[in-house]
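If you want the building blocks of each chain, they are given just below.
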Amino acid sequence: MTVPKIAAAGFTLAGNYPEADPAAGLEDTLRLFEFAEEIGLQVAGIRQRHLERGVSSALTFLAAATQRTESIRLETAVVPLGYETPFRLAEDFGTVDALSKGRINVGVSSSAPHGALLRHLGRLEDEDEIDAYVLIARFLEALEGRTLGEDIYTPYGPQTPRVQPHVAGLRERVWLGGGSARSVRWAAEQGLKLLLGNITAADGADRFETAQRANIDDYYAHFTGAGAPSVGVERVILPIDSATADQRARYTAFAESRQARTEQATNGHLFQRDLFGASEEIVDRLLSDPSIDGLTELRIALPYALSLDDYRQILSDIREAVLPRLGWVPAASALALV
């Protein structure tokens, strides 16, 4: 019997769309979520992108996805806290989790991308000096649903004031998107789950794999909290087994355009080389990846600006030719349809 190297697998993407027809691109992304559930993946994640033709409101999108899927976990990967008001974000997560019947993975980060361009359109008060981790701590407190004061009077009668809707245990489903030593240690000490991408701070290492494994080990060594520690790692995977000639050409160009960045540290960061080629080569690389240890969950990071057919081909090849050879088992809901 194969020893499982991957216990749970899913994907994440940005949900790109054409300038003149965002509805078409968003609909294709919803269809991909449905497809992922059909083939037995355990997680479907959406990135939150600002100033780009991609999903700029992850929770709005996932609210729609809750009505198109039944069992797959839905994930924000990730919501940058630098732009958010903590209690409002907690309200939104609680609402979408209620719609999903408890299927939301709460992925957040400490970042604020494109900050110089967006600052004048954001909060009016001067909060530039507030540490992003303070905002995350406030967000976690809001999720906990603590009483905020004496009863308040509402059209429904007296109510105890706390952030609503309150979902018990939602804090235990918070994943911090990290990659620096500080973010990894902070997630562990707060009892959060950890999402790691295909970029990591070098922190003295000369290889991506070495640096990321060190982060995972540090996380487990310092984890505290009521829940169980969990790590998810992103990998760009492009199998070509069933790809058409046109698809192979596009995937080859994409992989080649990114190859140079993996050869040395850039601004103190290391990048992982994409997993591109035949499924046998991809399996070999995953088997030798020190972060894929039977405990970490896999997130397939799908490239930007491909078509729905491209994404289906990529996920199908991974589902059929890669994951089973790593001991992965589809979600029970998909097995029931076989």
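Things to note about the pattern of salt bridges
Close approach of charged atoms allows side chains with opposite charge to pair.
Reasoning step 1: Applying the stated criterion across every chain, the model contains 25 salt bridges.
Reasoning step 2: For Arg 68, the salt bridge goes to Glu 34, with nearest N and O atoms at 3.0 Å. Separated by 34 residues along the polypeptide, Arg 68 in the loop between helix 2 (58-66) and strand 3 (73-76) and Glu 34 in helix 1 (residues 22-38) bring together distant segments of the chain.
Reasoning step 3: Its relative accessible area of 29% is what places Arg 68 among the partly exposed residues.
Reasoning step 4: For Glu 34, a relative accessible area of 23% translates into the label partly exposed.

Looking at the nonpolar core
Reasoning step 1: Core analysis: the largest hydrophobic core is formed by 76 residues, its most contacted members being Phe 11, Phe 33, Leu 41, Phe 93, Val 108 and Phe 139.
Reasoning step 2: In this structure Phe 93 touches Leu 59, Thr 76, Val 79, Ile 104, Asn 105, Val 106, Gly 107, Val 108, Phe 139 and Leu 170, once residues within four positions along its chain are discounted.

Quick look at helix 1
Reasoning step 1: Helix length check: helix 1 (17 residues) gives 25 Å between terminal C-alpha atoms against 24 Å at 1.5 Å per residue, within 8%.
Reasoning step 2: Considered for burial, the residues of helix 1 that qualify are Gly 25, Thr 29, Leu 30, Leu 32, Phe 33, Phe 35, Ala 36 and Glu 37.
Reasoning step 3: Following helix 1 by one or two positions, Gly 40 adopts a phi angle in the positive range, close to 95 degrees.

Quick word on the packing of aromatic side chains
Reasoning step 1: Taken as a whole and judged by the stated rule, the model has six aromatic pairs.
Reasoning step 2: When the ring of Phe 33 is compared with that of Phe 61, the centres are 5.3 Å apart and the planes differ by 75 degrees; the resulting orientation is edge-to-face. A residue pair is termed long-range when its members are at least 10 positions apart, and Phe 33 in helix 1 and Phe 61 in helix 2 qualify at 28 residues. Exposure class is identical for Phe 33 and Phe 61. Each is buried.
Reasoning step 3: Taking the centre distance of 5.7 Å and the plane angle of 65 degrees together, the rings of Tyr 219 and Phe 223 count as edge-to-face.
Reasoning step 4: Judged by its relative accessible area of 15%, Phe 223 is buried.
Reasoning step 5: Taking the ring centre of Trp 175 as reference, the NZ or CZ of Arg 299 above it sits at 5.2 Å.

Here we look at helix 7 (residues 208-222)
Reasoning step 1: For helix 7, spanning 15 residues, the distance from its first C-alpha to its last is 21 Å, which sits close to the expected 21 Å at 1.5 Å a residue.
Reasoning step 2: Among the residues of helix 7, those classed as buried are Phe 208, Glu 209, Ala 211, Gln 212, Arg 213, Asn 215, Ile 216, Asp 218 and Tyr 219.
Reasoning step 3: Looking at the buried side of helix 7, the elements it contacts are helix 6 (181-189), strand 9 (193-196), strand 10 (199-201), strand 11 (231-235) and strand 13 (269-271).

Here we look at the environment of Glu 34
Reasoning step 1: For the pair formed by Glu 34 and Gly 149, sequence separation is 115 residues and the distance between their alpha carbons is 43 Å.
Reasoning step 2: If we skip the residues at most four places from it in the chain, Glu 34 touches Arg 68 and Thr 69.

Observations regarding unusual backbone geometry
Reasoning step 1: Residue Val 78 is bonded to the preceding Ala 77 through a cis peptide linkage, with omega at 5 degrees.
Reasoning step 2: Relative to the helices and strands, Val 78 resides in the loop between strand 3 and strand 4 (79-80).
Reasoning step 3: Going from Gln 164 to Pro 165, the amide bond is cis rather than trans, its omega being -5 degrees.
Reasoning step 4: Located in the positive-phi region is Ala 305, a residue other than glycine, with phi close to 65 degrees.
Reasoning step 5: Summarising the element assignment, Ala 305 is placed in the loop between strand 15 (297-301) and helix 10 (308-322).

Describing the environment of Val 43
Reasoning step 1: Looking at the element boundaries, Val 43 is found in strand 2 (residues 43-46).
Reasoning step 2: Val 43 sits in the buried class, given a relative accessible area of 0%.
Reasoning step 3: C-alpha separation for the pair Val 43 and Ile 300, spaced 257 residues apart in sequence, amounts to 9.9 Å.
Reasoning step 4: Those residues within four positions of Val 43 in sequence are excluded, and the remaining contacts are Ala 9, Gly 10, Phe 11, Ile 72, Arg 73, Glu 75, Asn 105, Glu 297 and Arg 299.

Considering the side chain of Arg 258
Reasoning step 1: Tracing the backbone shows Arg 258 in helix 8 (residues 245-259).
Reasoning step 2: Every residue in contact with Arg 258, bar those within four places of it in the chain, is listed here: Asn 198, Val 236 and Asp 274.

Let's talk about a negative patch on the surface
Reasoning step 1: On the surface, a cluster of negative charge is made up of Asp 241, Glu 280, Glu 281 and Asp 284.
Reasoning step 2: Looking at the secondary structure, you find Asp 284 in helix 9 (residues 279-287).

Overview of the environment of Gln 48
Reasoning step 1: For Gln 48, the location among the structural elements is in the loop between strand 2 and helix 2.
Reasoning step 2: Each C-alpha atom of the pair Gln 48 and Phe 61 lies 9.7 Å from the other, and the pair is 13 residues apart in sequence.
Reasoning step 3: In contact with Gln 48, not counting residues within four places along its chain, are Val 55, Ser 56, Ser 57, Ala 58, Val 78, Val 79, Pro 80 and Glu 84.
Reasoning step 4: For Gln 48, the side chain forms a polar contact with the side chain of His 50, separated by 3.5 Å.
Reasoning step 5: Here Ala 58 takes part through its backbone nitrogen, which lies 2.9 Å from a polar atom of the side chain of Gln 48.

A look at the packing of helix 1 against helix 2
Reasoning step 1: The geometry of helix 1 relative to helix 2 is characterised by a closest axis approach of 10 Å and an angle of 55 degrees between their N-to-C directions. Taken as axis vectors, helix 1 and helix 2 run oblique relative to one another. Handedness of the crossing formed by helix 1 with helix 2: right-handed. Packed against helix 1, whose contacting residues are Leu 26, Thr 29, Leu 30 and Phe 33, the element helix 2 presents Phe 61, Leu 62, Ala 64 and Ala 65 at the interface.
Reasoning step 2: Split into classes, the residues belonging to the contact of helix 1 with helix 2 amount to seven nonpolar, one polar and no charged.

Procedures and definitions
- Residues numbered from 1 in each chain as written.
- Predicted model: local features only at pLDDT ≥ 70, side-chain atom pairs only at ≥ 80, totals over all residues.
- Heavy atoms only, no water.
- Salt bridge = Lys/Arg side-chain N within 4 Å of Asp/Glu carboxyl O.
- Helix = DSSP H or I, 4+ residues; strand = E, 2+ residues; numbered from the N terminus.
- Buried < 20%, exposed > 50% of the residue type's maximum accessible area, 1.4 Å probe, protein only.
- Core = buried A, V, L, I, M, F, W, Y, C linked by side-chain atoms within 4.5 Å.
- Contact = heavy atoms within 4.5 Å.
- Expected span 1.5 Å × (residues − 1).
- Phe/Tyr/Trp six-rings, centres within 6.5 Å; stacked < 30°, edge-to-face > 60°.
- Lys NZ or Arg CZ within 6 Å of the ring centre and 35° of its normal.
- Patch = residues over 30% accessible without salt bridge, like charges linked within 9 Å, V, L, I, M, F, W, Y side chains within 5 Å.
- Areas by Shrake-Rupley, 256 points an atom, 1.4 Å probe, with all protein chains shown as cover.
- Lys, Arg positive; Asp, Glu negative; His and termini not counted.
- Charge placed at Lys NZ, Arg CZ, Asp CG, Glu CD.
- Polar contact = N/O pair within 3.5 Å; in protein donor to acceptor, adjacent residues only side chain to side chain.
- Axes fitted to C-alpha atoms, helices over the stretch in contact; angles between N-to-C directions.
- Parallel < 35°, antiparallel > 145°, perpendicular 65-115°, else oblique.
- Left-handed = near helix turned anticlockwise from the far one by under 90°.
- Nonpolar A, V, L, I, M, F, W, Y, C, P; charged D, E, K, R; others polar.

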